[in-house]
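# Working through the structure, step by step
The residues making up each chain are set out below.
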Amino acid sequence: MRDQMEKHQSWLYLLFIGLGLSLGIKAPSLAGALEQWLWPLLGVLLYATFTQIPLLHIARSVKDTRFMAALMIGNFIAIPAFLAVVVMLLPLSPAVLAGVLLVLLVPCTDWFITFTHLGKGDTARATAATPLLLLVQMIALPVYLWLFLGKEWFQLTLSTELLSAFVGLILVPLSLAWLTEYVAQRHKAAQRAIHRLGVLPVPLLALVVLVIAATQVNSVFGLSHVLLQVVFIFIGFLVFAALLGKGLGKLFSLPPTSARTLAFSFGTRNSFVMLPIALTLPSAWQAAVVVIVFQSLVELFGMVAYLRWVPSLLPDDSAS
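Residues numbered from 1 in each chain as written. Predicted model: local features only at pLDDT ≥ 70, side-chain atom pairs only at ≥ 80, totals over all residues. Heavy atoms only, no water.

Model confidence for the protein is summarised by a mean pLDDT of 85, while 88% of its residues fall at 70 or above. When pLDDT is averaged over each element of the protein, helix α14 (residues 256–267) comes out on top at 97 and helix α5 (residues 58–62) at the bottom at 67. (pLDDT = per-residue confidence, 0-100. Helix = DSSP H or I, 4+ residues; strand = E, 2+ residues; numbered from the N terminus.)

Turning to unusual backbone geometry, a few remarks are in order. Located in the positive-phi region is Lys 120, a residue other than glycine, with phi close to 65°. Its place among the elements puts Lys 120 in the loop between α8 (111–118) and α9 (123–149). In the Ramachandran plot, Ser 253 falls in the positive-phi region, its phi being about 55° despite a non-glycine side chain. For Ser 253, the position within the fold is in the loop between α13 (224–251) and α14.

One finds Leu 71, Val 100, Trp 111, Leu 205, Val 208 and Phe 234 to be the most contacted residues of the largest nonpolar core, which totals 108 residues. With 17 residues, helix α16 (residues 286–313) is the single largest residue contributor to this core. Leave out the neighbours within four places in its chain, and Leu 205 touches Tyr 13, Leu 45, Trp 111, Thr 114, Phe 115 and Leu 118. (Core = buried A, V, L, I, M, F, W, Y, C linked by side-chain atoms within 4.5 Å. Buried < 20%, exposed > 50% of the residue type's maximum accessible area, 1.4 Å probe, protein only. Contact = heavy atoms within 4.5 Å.)

Okay, a nonpolar patch on the surface next. A cluster of nonpolar side chains, namely Val 167, Leu 171, Val 172, Leu 176, Leu 179, Tyr 182 and Val 183, defines an oily patch on the protein surface of about 580 Å² accessible area. For Val 183, a relative accessible area of 31% puts it in the partly exposed group. (Patch = residues over 30% accessible without salt bridge, like charges linked within 9 Å, V, L, I, M, F, W, Y side chains within 5 Å. Areas by Shrake-Rupley, 256 points an atom, 1.4 Å probe, with all protein chains shown as cover. Salt bridge = Lys/Arg side-chain N within 4 Å of Asp/Glu carboxyl O.)

It is worth spelling out the packing of aromatic side chains at this point. Enumeration according to the criterion identifies five aromatic pairs in this entry. Between the aromatic rings of Phe 82 and Phe 237, the centroid separation amounts to 6.2 Å while the plane-to-plane angle is 50°, which identifies the pairing as tilted. Within this pair, whereas Phe 82 is found in helix α6 (residues 65–89), its partner Phe 237 is found in helix α13, the two being separated by 155 residues in sequence. Both rings, one in Phe 82 and one in Phe 240, keep their centres 4.2 Å apart while their planes meet at 10°; by these two values the pair is stacked. With Phe 82 in helix α6 and Phe 240 in helix α13, this residue pair connects regions lying 158 residues apart in the sequence. Look at Phe 240 and you get partly exposed, because its relative accessible area is 24%. One aromatic cluster in this structure is built from Phe 82, Phe 237 and Phe 240. Here Arg 186 stacks its cationic end above the ring of Tyr 182, 4.0 Å away from the centre of that ring. (Phe/Tyr/Trp six-rings, centres within 6.5 Å; stacked < 30°, edge-to-face > 60°. Lys NZ or Arg CZ within 6 Å of the ring centre and 35° of its normal.)

Before going further, it helps to spend a moment on the side chain of Gln 137. Along the chain, the position of Gln 137 falls in helix α9. A residue is classified by how much of its surface remains accessible, and Gln 137, at 0% relative accessible area, is buried. Side-chain polar atoms of Gln 137 contact the backbone oxygen of Pro 107, separated by 2.9 Å. Polar contacts involving the side chain of Gln 137 include one to the side chain of Asn 270, which spans 2.9 Å. (Polar contact = N/O pair within 3.5 Å; in protein donor to acceptor, adjacent residues only side chain to side chain.)

What follows concerns the environment of Leu 45. One can find Leu 45 in helix α4 (residues 38–51). On a C-alpha basis, the gap between Leu 45 and Pro 201 in space is 5.7 Å, while along the polypeptide they are 156 residues apart. With near-sequence residues (within four places) excluded, Leu 45 lies in contact with Thr 114, Pro 201, Leu 204, Leu 205 and Val 208.

Take the environment of Gly 119 next. For Gly 119, the location among the structural elements is in the loop between α8 and α9. Along the chain, Gly 119 and Pro 311 lie 192 residues apart, while their C-alpha atoms are 6.7 Å from each other. Excluding its chain neighbours within four sequence positions, the residues that come into contact with Gly 119 are Arg 260, Phe 264, Leu 307 and Pro 311.

Let us now look at α13. For an α-helix, the turn length of 3.6 residues means that residues three or four places apart are oriented alike. Helix length check: α13, at 28 residues, gives a terminal C-alpha distance of 40 Å against a target of 40 Å (1.5 Å per residue), a fit within 8%. At Val 230, α13 is deflected by roughly 40°, the largest bend along its length. (Expected span 1.5 Å × (residues − 1). Bend = angle between axes of the 7 residues up to and from the residue.)

Along its 28 residues, α16 runs 37 Å from first to last C-alpha, staying within 8% of the 40 Å computed at 1.5 Å per residue. At Tyr 306, α16 is deflected by roughly 40°, the largest bend along its length. For α16, a buried count of 22 out of 28 residues is recorded, marking the element as mostly surrounded by other parts of the structure.

Shown next, in the form of structure tokens:
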């Protein structure tokens, strides 16, 4: 059953995205009630994903200096440089520019782990990297926004949103997964439970994308003129991110699974954490919120494509 779901997962996600969009358009009040389930679903999704990881290998993953160097260079040097070029070449309004920068400057620290797992990347390294990714982005984002947008943006990111997301979506599920693995070493019932949990990542991720599509579709369509300004930026970014993963993987002589992990890290952004920050902005900056929401929808379709494209872009020669 698990193999069949993972084989057909791309179509499943597209189906649930379509269902979510239809629900959001035809029954917005019902769709709004689903929003409270987003973070709990993400937490359970990550717990189920973490239980499938040999967590004892995480210490070894942190010591992989070549992978970590490639990950940091890609996320915090190459991608900001790419965005600097975009900013120079494309005339965007301040609100739209703020949304683009808020969402694309910071790497994802939650569901990129699930996509890495489903896209045949190295989930242990992805999990090991999340604390460092979050720590560096908390320090780097205010500096980036100051450089791109001016000093008044420096304090907007100094909030508790990043810490609360890290605790709720990373530390709690990870700790529970560690506990589950510890118990499984002593009890066969826990081992069987871990095996059953392996079935959950695909259907849970399908539910997550349904909730996002349903709850955000109307806010996106409300400022449709903004979308034309950014859709090609987000699509171009996804292509650039995958190629960057391949390039840095080759430069640092990484195995295909690690290079795939780079591609998924570069391609997924921290929209769930940046959205609450954007919602605190004055009404004149509403376009920034729409841009962030729209990026999450584009990213969902992009990750469906990544699940097929990235393994073929970075084939495992040893498996042939």
